[in-house]
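Topology and contacts: notes
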Amino acid sequence: MRFSDSVAVVKVILFQRAFSRGVPSSKSLWLSIPSLHKRGVHLQVYCWEAQEDVDGVVVTRLPAWSVHPLLDDWIFTVVASVVSGWKRLRRSRHDETVLLSIDQYAVFADISMVHFDHLEWLAWQPFIRCETVREYLGAAVASLMCLGAGLLISWNPWMRRLIAVSEASAEYLRRTGAPWNTVTAIPNILVLQEAPGELQRARREEYRQRMGFTESDRVFCFCSMGHLRRKGFWLAVKALHRLRAGYGHLNVRFLVIGGTPGGVERTRAACARLTRGDDGWITHMGATDDVLGAMSACEAFLFPSYSDTFCFAAYEAAGVGLRTYLTPFHGAQSLLDSYANAREIPWDEERIAGILHDDLGRDLVRTGEGNRAGFSCPESYAESLKAFLFPMA
């Protein structure tokens, strides 16, 4: 790709374990590449995995050693930190190249793009019950890793500039991080169809028939590929089970979007145990390339997450007009403030059930006008990113 002769070319070296459009932490950078190029920003990526044919991006694959999935992030952190440290040592005083890390990956980078509030999730650990043995083991490992990652991001003497993906997350980093940090917020990019209402009507009947939903059913959905404990999935199941059993809303259904085949089976078994066999109202769809189409079969999106910096699924649900129920996690604040068909819920199953019962009684669990606020487009994202990376350009 040719750069415009009218703009100065500047270079960014990005350290990211997997660089592709499908990875949430690199999705916005990926989508903004043409806009960054127009502004003279040349991107070089050091990674383990990358989607092929990235036009205009130089990709260097670092040596990869996979010992266990839980340790892969830290092995990459060691490798990326060695490379970033070497590049920092060799960089001359007049070299304006910026070393950019996703989260804690490159310890010696200049700037980190923070996609997860590790210290906040660490603080939640004592208060959230685990529903499976895997979750107990995962919580123990996550506590150690979150402490290390959080300190490497927030109290790193080299990475003194941080980019958060929501204003609430940025404020948390300012409050809990080192006093020398400069923090800004640049919301992620989200690309939605121009006519969400038309999409909703066109796909609704198809997906409701496929899932076995009747016209009288009121369908709530949840979307995630994993991290169910952190994202409040079990809290959602308990609240909806209470809504059905305690309040008599037997037409309430739950569509679970996302998950690997093995993960879906484990989740299905755990739901059966949690509801004592009364789980026929839960439909486990698994992963799909047509998330918006699946959402079109539903009336509402229920996502009582404990810790998220930016929830793509919540913005997608709001984009197609679903009634959206969110706890006040960092990534939810702008959506709760801007979307008329959103409602804040607490981290309490009984109170969630009461709120949903009230809304069902007032016929508020229905689709409405789609939301178009709280996220970036490629042009605005590229402009804000370049201004923060190169303030003197």
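Reading the values: rules and limits
Residues numbered from 1 in each chain as written. Predicted model: local features only at pLDDT ≥ 70, side-chain atom pairs only at ≥ 80, totals over all residues. Heavy atoms only, no water. Helix = DSSP H or I, 4+ residues; strand = E, 2+ residues; numbered from the N terminus. Expected span 1.5 Å × (residues − 1). Buried < 20%, exposed > 50% of the residue type's maximum accessible area, 1.4 Å probe, protein only. Contact = heavy atoms within 4.5 Å. Disulfide = S-S within 2.5 Å. Core = buried A, V, L, I, M, F, W, Y, C linked by side-chain atoms within 4.5 Å. Axes fitted to C-alpha atoms, helices over the stretch in contact; angles between N-to-C directions. Parallel < 35°, antiparallel > 145°, perpendicular 65-115°, else oblique. Nonpolar A, V, L, I, M, F, W, Y, C, P; charged D, E, K, R; others polar. Phe/Tyr/Trp six-rings, centres within 6.5 Å; stacked < 30°, edge-to-face > 60°. Lys NZ or Arg CZ within 6 Å of the ring centre and 35° of its normal. 1 Å grid on protein atoms, 1.4 Å probe; cavity = no way out; pocket = protein on both sides within 12 Å on 5 of 7 lines; lining within 4 Å. Points joined across faces, edges and corners; volume = space filled by probe spheres on them. Polar contact = N/O pair within 3.5 Å; in protein donor to acceptor, adjacent residues only side chain to side chain. Salt bridge = Lys/Arg side-chain N within 4 Å of Asp/Glu carboxyl O.

**With respect to helix α2 (residues 69-90)**
Spanning 22 residues, α2 covers 32 Å between terminal C-alpha atoms, matching the ideal 32 Å at 1.5 Å per step. Within α2, burial applies to Asp72, Ile75, Phe76, Thr77, Val79, Ala80, Ser81, Val83, Ser84 and Gly85. Taken together, the buried residues of α2 touch β1 (10-15), β3 (41-47) and β6 (98-102).

**Some points on the state of the cysteines**
Working definition of a disulfide: a covalent bond connecting the sulfur atoms of two cysteines. The tally for this structure, following the rule as stated, stands at 0 disulfides. Here Cys221 is not disulfide-linked; the sulfur of Cys298 is the nearest cysteine sulfur, at 4.0 Å. Note on Cys221: relative accessible area 0%, which makes it buried.

**Structural notes on the nonpolar core**
For soluble globular proteins, the rule of thumb is that nonpolar side chains tend to be buried together. Of all hydrophobic cores here, the largest spans 72 residues; its most connected members are Phe220, Phe254, Met295 and Phe301. In terms of residues, this core owes the most to one element, helix α7 (residues 233-247), which gives 8 residues. For Phe301, the residues in contact, after removing those within four places along its chain, are Cys221, Phe222, Cys223, Met295, Ala313, Ala314, Ala317, Leu322, Arg323, Thr324, Tyr325 and Leu326. In terms of nonpolar packing, the next biggest core, distinct from the first, is built from 45 residues, Trp30, Trp48, Ile189 and Ala382 among them.

**Overview of the packing of helix α1 (residues 24-38) against helix α13 (residues 378-389)**
Taken N-terminus to C-terminus, the directions of α1 and α13 make an angle of 75°; their axes are 8 Å apart at the nearest point. Comparing the axis directions of α1 and α13 gives the class roughly perpendicular. From α1, Ser28, Leu29, Leu31, Ser32, Ser35, Leu36 and Lys38 reach across to α13, where they touch Pro378, Glu379, Tyr381, Ala382 and Leu385. A breakdown of the residues in the contact of α1 with α13 according to their chemical character gives 7 nonpolar, 3 polar and 2 charged.

**Focus on the packing of aromatic side chains**
What the rule picks out here adds up to 18 aromatic pairs. The interplanar angle of 45° and the centroid separation of 6.2 Å between the aromatic rings of Phe220 and Tyr325 together place this pair among those described as tilted. One end of the pair, Phe220, is in strand β10 (residues 218-223); the other, Tyr325, is in strand β14 (residues 323-326), with 105 residues separating them in the sequence. Between Phe233 and Trp234 the ring centres are 5.0 Å apart and the planes differ by 70°, which places this aromatic pair in the edge-to-face class. Take Phe233 and Trp234: they sit in the same class, and that class is buried. Taking NZ or CZ as reference, Arg161 lies 5.4 Å from the ring centre of Phe388, over its face. A cation over a ring is seen here: Arg210 above Tyr207, with NZ or CZ 4.4 Å from the ring centre.

**Describing empty space enclosed by the protein**
Inspection of the entire model under this criterion finds 3 cavities of 30 Å³ or more. Empty space within the largest cavity amounts to approximately 60 Å³. Counting only elements with at least two residues in the lining of the largest cavity, the list comes to α3 (118-124), α4 (133-154) and α5 (167-176). Looking at the lining of the largest cavity, its residues break down into 6 nonpolar, 4 polar and 2 charged.

**Describing the side chain of Ser84**
Locating Ser84 in the fold gives a position in helix α2. By relative accessible area, Ser84 is classed as buried at 0%. Of note is the side chain of Ser84, whose polar atom sits 3.0 Å from the backbone oxygen of Ser81. Look past the residues within four positions of Ser84 in its chain and what remains in contact with it is Phe15, Leu99, Ala106, Val107, Phe108 and Ala109.

**Things to note about the pattern of salt bridges**
Within this structure, the stated rule accounts for 23 salt bridges. As a salt-bridge pair, Glu349 and Arg242 come within 3.3 Å of each other at their nearest N and O atoms. Of the two residues, Glu349 is situated in helix α12 (residues 349-361) and Arg242 in helix α7; the sequence distance between them amounts to 107 residues. With a relative accessible area of 25%, Glu349 lands in the partly exposed category.

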